[in-house]
Amino acid sequence: MRLRPLADPAHLPALDPAYAHQQPALGLGPLDHKPRILLLYGSLRERSFSRLAVEEAARLLEYFGAETRIFDPSDLPLPDQVKGDDHPAVRELREHSIWSEGQVWCSPERHGQITGIMKAQIDHLPLAMGGIRPTQGRTLAVMQVSGGSQSFNAVNTLRVLGRWMRMVTIPNQSSVAKAFQEFDEAGRMKPSAYYDRIVDVMEELVRFTVLLRPHAGMLVDRYSERREAGAPVNAETDLATLAVSSSGTSNPT
């Protein structure tokens, strides 16, 4: 399994629990199972700040009632390097993406953009695969870490990629400037406005994931694909068609 273990998942020294909702999505949708969130990071450095930020995000997500998986891309091949993408790391990444209901993408900013490691992971996720969509209709939170002053180049690119992958990217985002100053020797994030923003983003991600959960199937139901598959809408059972017909009957004007 190419999943990173999460050390001290319940230890949140920078969080003030007096101000934190443990069930931020309560009342927004069904909570019959925990929201399933996959987290991806974009650096292979031993002390990777994008990985450390993702680990803080995962701890917060679990505090908010989610189930998390952090994918380790250390042996992921380059796109098109292996014929037919027949590589265990690629297969596992896709399986985790299919498992997920939402995702977190965190990249360092390098030369004003996301890293190749980050892009390679996204490039290994097809829009559709054997009738299954690994990303479409899922929620997405984007984050970045920078070595210098605060920037939004990486998160802006991740938003473009999220839209291309037909994901529902939440409004909030996180950009951590001078990340080397924001983590202690143990790799834990210090209390700061940057940490508080990550709390905001993860809280919002859980809410959007639960809110959209009942509608996931409808969000990826498209005219062009129905037409290509030769699957016409059944006017007797389609809820949208019935609603329009009912509205037209009750309002003759």
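Further up the page is the structure itself.
Residues numbered from 1 in each chain as written. Predicted model: local features only at pLDDT ≥ 70, side-chain atom pairs only at ≥ 80, totals over all residues. Heavy atoms only, no water.

**Q** Lay out the overall build of the protein in plain terms, naming residues and giving numbers.
**A** Check the secondary structure of the protein and you find eight helices and six strands. Counting helices and strands in the order they occur from the N terminus, the protein gives β-α-β-α-β-α-β-α-β-β-α-α-α-α. Rg of the C-alpha trace for the protein: 20 Å, near the compact-globule value of 18 Å for 253 residues, within the 12% margin. Residues counted as buried form 46% of the 253 residues belonging to the protein. Looking at the protein alone, contacts between residues at least 24 apart form 79% of all its contacts between residues at least 6 apart. Looking at the protein as shown, the accessible area adds up to about 13200 Å², and 53% of this sits on carbon and sulfur atoms. Of note, the protein has its 28 positive side-chain charges centred 4 Å away from the centre of its 30 negative side-chain charges. (Helix = DSSP H or I, 4+ residues; strand = E, 2+ residues; numbered from the N terminus. Rg over C-alpha atoms; globule rule 2.2 N^0.38 Å. Buried < 20%, exposed > 50% of the residue type's maximum accessible area, 1.4 Å probe, protein only. Contact = heavy atoms within 4.5 Å. Areas by Shrake-Rupley, 256 points an atom, 1.4 Å probe, with all protein chains shown as cover. Lys, Arg positive; Asp, Glu negative; His and termini not counted. Charge placed at Lys NZ, Arg CZ, Asp CG, Glu CD.)

**Q** Kindly report on the packing of aromatic side chains, identifying the contributing residues and their values.
**A** Enumeration according to the criterion identifies two aromatic pairs in this entry. When the ring centre of Trp99 is taken as reference, the NZ or CZ atom of Arg69 above it lies at 3.9 Å. (Phe/Tyr/Trp six-rings, centres within 6.5 Å; stacked < 30°, edge-to-face > 60°. Lys NZ or Arg CZ within 6 Å of the ring centre and 35° of its normal.)

**Q** Outline the packing of helix H1 (residues 49-63) against helix H5 (residues 193-212), listing residues and values.
**A** With their axes 9 Å apart at the nearest point, H1 and H5 run at an angle of 50° to one another. Comparing their axes, H5 and H1 come out oblique. In the packing of H1 onto H5, the handedness of the crossing is right-handed. Between H1 and H5, the residues in contact are Glu56, Ala57, Leu60 and Leu61 and Tyr195, Ile198, Val199, Met202, Leu205 and Val206, respectively. (Axes fitted to C-alpha atoms, helices over the stretch in contact; angles between N-to-C directions. Parallel < 35°, antiparallel > 145°, perpendicular 65-115°, else oblique. Left-handed = near helix turned anticlockwise from the far one by under 90°.)

**Q** Kindly report on the pattern of salt bridges, identifying the contributing residues and their values.
**A** Where side chains of opposite charge bring their charged atoms close, a pairing between them can arise. Tallied over the entire structure, the rule returns 16 salt bridges. Between Arg91 and Asp86 there is a salt bridge whose closest N-O contact spans 2.5 Å. Among the charged side chains, a salt-bridge network with shared partners connects Arg133, Arg166, Arg222 and Glu225. (Salt bridge = Lys/Arg side-chain N within 4 Å of Asp/Glu carboxyl O.)

**Q** Quick rundown of helix H2 (residues 88-99)? Include the residues and the values.
**A** An ideal rise of 1.5 Å per residue puts 16 Å on 12 residues; H2 measures up with 16 Å between its terminal C-alpha atoms. What H2 keeps buried is the set Ala89, Val90, Glu92, Leu93, Arg94, His96, Ser97 and Trp99. Against the buried residues of H2 lie strand S1 (36-41), strand S2 (67-70), strand S3 (102-108) and helix H3 (116-123). (Expected span 1.5 Å × (residues − 1).)

**Q** Could you give me a rundown of the pairing of S3, with the residues and numbers involved?
**A** S3 sits mainly inside the fold: seven of its seven residues count as buried. Of the two faces of S3, the one lined by Gly102, Val104, Cys106 and Pro108 and the one lined by Gln103, Trp105 and Ser107 are each fully buried. Across five bridges, the pairing between S1 and S3 is parallel. Note on S3: the bridge partner recorded for Ile37 is Gly102. (Pairing = 2+ DSSP bridges.)

**Q** Would you mind going over the side chain of Gln121 in detail, with residue names and values included?
**A** Within the fold, Gln121 resides in helix H3. With near-sequence residues (within four places) excluded, Gln121 lies in contact with Leu40, Tyr41, Phe71, Pro73, Leu76 and Leu93.

**Q** Explain the nonpolar core to me, and be specific about the residues and the numbers.
**A** Leu39, Leu60, Leu61, Val104 and Met202 are the most contacted members of the largest nonpolar core, which totals 39 residues. When residues of this core are traced back to their parent elements, those giving at least two are S1, H1, S3, strand S4 (139-145) and H5. Here Leu60 is in contact with Leu12, Leu15, Tyr195, Ile198, Val199 and Met202, once residues within four sequence places are set aside. Residues Val90, Val142, Met165 and Met167 belong to the second largest nonpolar core, which totals 20 residues. (Core = buried A, V, L, I, M, F, W, Y, C linked by side-chain atoms within 4.5 Å.)

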